[in-house]
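# Analysis of the macromolecular model
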Amino acid sequence: MHADTVLQHVWSVLEAVPDPEIPVVSIRELGILRDVRHGADGVLEVVITPTYSGCPAMSQIAEDIAYAIHTAKLGAHRIETVLAPAWTTDWITDEARDKLRRYGIAPPTGQCGTAAPNPEQPLRFVPYKPMKQEPVACPRCGSTHTEKLAQFGSTACKALYRCIDCREPFDYFKPY
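Residues numbered from 1 in each chain as written. Predicted model: local features only at pLDDT ≥ 70, side-chain atom pairs only at ≥ 80, totals over all residues. Heavy atoms only, no water.

Among the nonpolar cores identified, the biggest contains 32 residues, and L14 and F173 are the most heavily contacted of them. Going through the elements one at a time, α1 (3–15), β1 (33–38), β2 (44–48), α2 (58–71) and α3 (94–103) are the ones with two or more residues in this core. Per-element tally for this core: the top contributor is α1, with six residues. Ignoring any residue separated from it by four or fewer positions in sequence, one finds L14 in contact with I27, L33, V36, V46, I65, A68 and I69. (Core = buried A, V, L, I, M, F, W, Y, C linked by side-chain atoms within 4.5 Å. Buried < 20%, exposed > 50% of the residue type's maximum accessible area, 1.4 Å probe, protein only. Helix = DSSP H or I, 4+ residues; strand = E, 2+ residues; numbered from the N terminus. Contact = heavy atoms within 4.5 Å.)

Here is the structure:
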């Protein structure tokens, strides 16, 4: 099998690996799966980036990737975790945002401005400017008449909100 065909097959196999905390979306749809390539020694390399540096799900994600590769009989591999560029909610696909909403999690609003990371571009540090918070729409009824109840929801990457109209609580995937 040609090397490009193998890599395409690996991408499709890993497309089916769900996020362990939000099983309706894949690690690829969340932007955690960054690259699939052959290393200099010919071994398959899978590159992942955590949603934040202390994400407790990363070991489970690595196990799930290894299991998927083993089950598909794709041979030897290694998993590389990279922290730069840092993951951003801009990397979540539109399809994943729809899936989050249907699952009852409000997807992140706005953009952080880092949708297309370029490893060739140097990092530039600038003064922090808080993002203007767009209204958070309730994933159940669509109302933007919502309120934040807690900075952290079921996981550290989500905040807990409540819809004032339908009174239902929901997680909001925080943009960063």
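Next comes the rest of the write-up.
Attention shifts here to the sheet that holds strand β3 (residues 77–81). Adjacent strands of a sheet pair through backbone hydrogen bonds, lying either parallel or antiparallel. The three strands lie next to each other as β1-β2-β3, forming an open sheet whose pairing is mixed. Where the open sheet ends on each side, the last strands, each with one partner, are β1 and β3. Going across the sheet, the axis of each strand differs from the next one's by a mean of 20°, ignoring polarity. Alignment of β1 against β2, held across five bridges, turns out to be antiparallel. Within the sheet, the bridge partner assigned to R37 lies in β2 and is E45. (Pairing = 2+ DSSP bridges. Axes fitted to C-alpha atoms, helices over the stretch in contact; angles between N-to-C directions.)

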